[in-house]
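# Per-entry structural report
The residues making up each chain are set out below.
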Amino acid sequence: MQQIASSSSAAREGGLKSVLQRFPFVPALIILVALVALNGFFEPRSLSFGSITGLVSTYLALMLLAVAQTYVVYAGDIDLSVGAIVSLVNVVIIVLMEKWGGGGLTVLAACLVGVLTGIACGVVNGIMIAGLRLQAIVATFATSIFFTGLALYVLPVAGTPAPEAYWLTYGGTYFGIPFVFYVVAAVALVLGILARMRLSTQLLAVGDDAMAAFQSGLPVTLIRIKGYVLCGLFSALAALCVTGDTASGDPLVGGKMTLYSVAAVVLGGSALSGGAGTVTGSVIGALIIGLINSLVFFVGTPSEWQNLVQGLAILIALMAGVLVSRGARA
Amino acid sequence: MSELLIRGARKAYGATLALRRGDLHLLPGEVHVLIGSNGSGKSTLCKIVAGSVKPDAGEVLLDGKPVTIAGPQAARALGIGIFYQELSLAARRTVAENIYLPALPVKSGVFVDRATLEEKARRVIADFADVAGEGFSADTPVETLRADQRQLVEIMKALATEAPVLIFDEPTSALDRAQVDRFFEILRRLKGEGRAIIFISHRMDEIFAIGDRVTVIRDGETVATSRIAETDQATIIHQMVGEREELATPSVAPAVHATSRATVLSVQDFSGPGFRNVGFEVAKGEILGFGGLHGQGQSSVMRAIFGALPHQAGSITLNGKAHAMRSPREAIAAGCAYVSGDRRRDGILQGRPLLENLTPIHFLRNRLMLARPSRLRERALKPLQALKTKFQALEQPINSLSGGNQQKIVIARWLIDRPDVLLLDDPTKGIDLAAKTDLFALIRELAAEGMGIVLYSSEDAELLNNADRILVFNSGSVTRELTGADRTRYNLYHAAYEAA
């Protein structure tokens, strides 16, 4: 009884603080709402169902990539090869689908190979970093070049189209609901399960203090490898979405997405030093980046200024997040 | 019921031999005290048992059978649970998650079973519920807890393993009296259940209160094992010290008359987080003691004077000049020095060479931009020699030294340019007896040279032996001042335990 009483009084004392502790993505959510409102103000049509579907299908890949990045960031690691994994999986499935004829079953088979490719990349990264104890930033930078090299070997020139069966499904509507929303629902379910699994807590504990986790008897190396494997898996899923969105193979398609995924994770309130974060936050972070991009477009920024405005907007979003959490702590 | 026998355990870290010949015979149903000065190898011995350090030689027998303890997981499987001196907590996880981190309960194969976790954690917490203090519950993130509460979590984590062999490496260093008493009650209960318990502490009174047998380790070798009832403090200290010089007797009655000297530090109506309306003056050459139970604001007052914590009201006058002390930088410039017992947080620059650890204050106080390494080394060496620091070279990383020697480096840093006021915040935490003696001799010397010293110690004996005056803190205020012949253990306890 005493325990219950004391914990509830603690919750009353620091309202916002305890909310932030439990849901560190709240500042990101506030920024997201603000961006949605701004988008609606400058372009009322952007709030239509069609526009939102478009936004989701374009940025679903980045959301998944941010999720992928989150699992390694949980453990205090980082993966700069996620973009390269996206490229590699993209060209692998494109080439396989073309080779196998592009029918329904072969598309599924190609996707399965793609997912296994992503997992294999994750295993490689995990063994390099957790097993051989290489520095995560440099090692994944190196593997990113390696994976890109593989992608260029598989498909030297961009442009091979995806079979119709693939992109029509991705862009299609079933029972009145666009396919991408089924994907979102399935991913949400998987993330919900993952969040309740022991692995999530273990990854966070490792990221908090790897030595403490080791002394507590956790298999630290294995846990970090599992983090990279999850990262590879979700990168592959992101690649499937990229392929559905672009409907073609491109050995460099994921390159630019890597640092966006890191930015999304940070915008979502996760600590790059590890030990704190949520996948929900990262998904919101990816949406923030997507909305900033479309806002820059809707406001009518001249093309030569778009990068500058976009960079400033991300900086402002980061600052707003920091200010909100600092205000709550004070 | 487990019997543990370690024979001839040996461990070297590079050139440093941490453990030469570690022997230990642990019986079921006993609290076996392991004692030795810092760097003598007792923590290494424990880590070998816990599997986090692999011995170079020697054998471990569990119930008569030789075993190899490959890692912390293997140790757990063999029924060995450990409390670590360096805390092994994940700061952002909750109390419950931390207690059961090694073995989170799982349901339906994959999910963490939150209900069982909380329920099990509550049961462990219940043992300490009335002494844990405010804001301690199963779902509190560990980072929001006080140091003593974190130590309790660490204890609970060790208890929750329900292992037949339990190792407690300095489990009481941050606890207050009531918490220690409760912990000892639990230890006695476990002992009654037939568990074998290794207990390490630097506090003699605790050793005699809870121990059944004691094994003394000196310079990496097991020297003797005896029954507590058949030994005494002097014998144990003698075994620890060995052939070395006799320990200097503590200065029982420091004969400094504060009133006749000039005031160097004056603090008035000082209020801030964890303390209120604190006022005192420190004279040149005086050692002012802060006493009382742990965490009654002693530390916070010092940190606030040093500018490391904000204060809300009050004035600080140093050498007749008022200072706002908004940051440690300002305090250092004004002539303040602060040495904390929490070396990892406040003192050392992890992994950096000794020279870098010795010189930051020198650079700051002299506004040096450039310095000749030879001159710097010469300046740095002087205080190190005065402190009898053991080290090989100024280039070796500070982590390669034992806790006591690390603390000497931290203190030496301040002595290159003499400060006017030295704030010592439990400076001997985790330091061996010989180093403590060196340290207090030096502190007295510094006082004699005219420095004003404020000393907080969690060990009452240190305070009584070394402070000229003692301010007893209770719930953030000074409740009593003990001077002259009033400085007795009875008066100190009386004032500390009084309801504020």
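Note that the structure is predicted; figures quoted are calculated from it, not measured. (Residues numbered from 1 in each chain as written. Chains lettered and ligands numbered in written order. Predicted model: local features only at pLDDT ≥ 70, side-chain atom pairs only at ≥ 80, totals over all residues.)

## Details of the overall build of chain B
Regarding its fold elements, chain B presents 18 helices and 22 strands. In terms of C-alpha radius of gyration, chain B reaches 23 Å, essentially the compact-globule figure of 23 Å for 500 residues. Counting every position in chain B, which comprises 500 residues, the buried fraction comes to 49%. By sequence separation, contacts in chain B at least 24 residues apart represent 69% of the contacts at least 6 residues apart. (Helix = DSSP H or I, 4+ residues; strand = E, 2+ residues; numbered from the N terminus. Rg over C-alpha atoms; globule rule 2.2 N^0.38 Å. Buried ≥ 20, exposed ≤ 12 C-beta atoms within 10 Å, placed from the backbone. Contact = placed C-beta atoms within 7 Å.)

## A few points about the domain arrangement of chain B
One frequent convention defines the size of an interface as the accessible area lost when the parts assemble. Domains assigned within chain B are domain 1 (4-241) and domain 2 (258-497). The straight-line distance from the C-alpha centre of domain 1 of chain B to that of domain 2 of chain B is 30 Å. (Domains from an automatic or database assignment.)

## Re the sheet that holds strand β18 (residues 336-340) of chain B
Strand pairing in a sheet relies on backbone hydrogen bonds, with the paired strands running either antiparallel or parallel. Residue and element names in this part refer to chain B. Strands sit in the order β18-β19-β20-β15-β21-β22 across an open sheet of 6 strands; the sheet is mixed. In the strand order of this sheet, the two ends are held by β18 and β22 (477-483), each with one partner. Put simply, the sheet's adjacent strands are angled 20° from each other on average, direction ignored. As paired strands, strand β19 (residues 421-425) and strand β20 (residues 452-456) are joined by 5 bridges and run parallel to one another. (Pairing = 2+ DSSP bridges. Axes fitted to C-alpha atoms, helices over the stretch in contact; angles between N-to-C directions.)

## Here we look at the interface of chain B and chain A
Residue-level contacts link 28 residues of chain B with 24 residues of chain A. If you list the elements that add at least two residues to the side of chain B that touches chain A, you get α2 (72-78), β8 (111-112) and α4 (114-126) of chain B. The element best represented in the side of chain B that touches chain A is α2 of chain B, accounting for 3 residues. When grouped by side-chain class, the residues that make up the side of chain B that touches chain A number 17 nonpolar, 5 polar and 6 charged. (Nonpolar A, V, L, I, M, F, W, Y, C, P; charged D, E, K, R; others polar.)

## A look at the sheet that holds strand β16 (residues 313-318) of chain B
Residues and elements named next belong to chain B. Reading across the sheet, the 4 strands line up as β14-β13-β16-β17 and stay open at both edges, with antiparallel pairing between neighbours. Pairing within the sheet leaves two strands with one partner each, and these edge strands are β14 (275-283) and β17 (321-323). Sheet twist, expressed as the average angle between the axes of neighbouring strands with direction ignored, equals 20°. Examined bridge by bridge, β16 and β17 share 3 bridges and lie antiparallel to one another. Looking at β17, one finds that Ile-316 is bridged to His-323. Those strands touched by helix α9 (residues 298-305) are β13 (263-272), β14 and β16, and its axis lies near 115° from that of β13.

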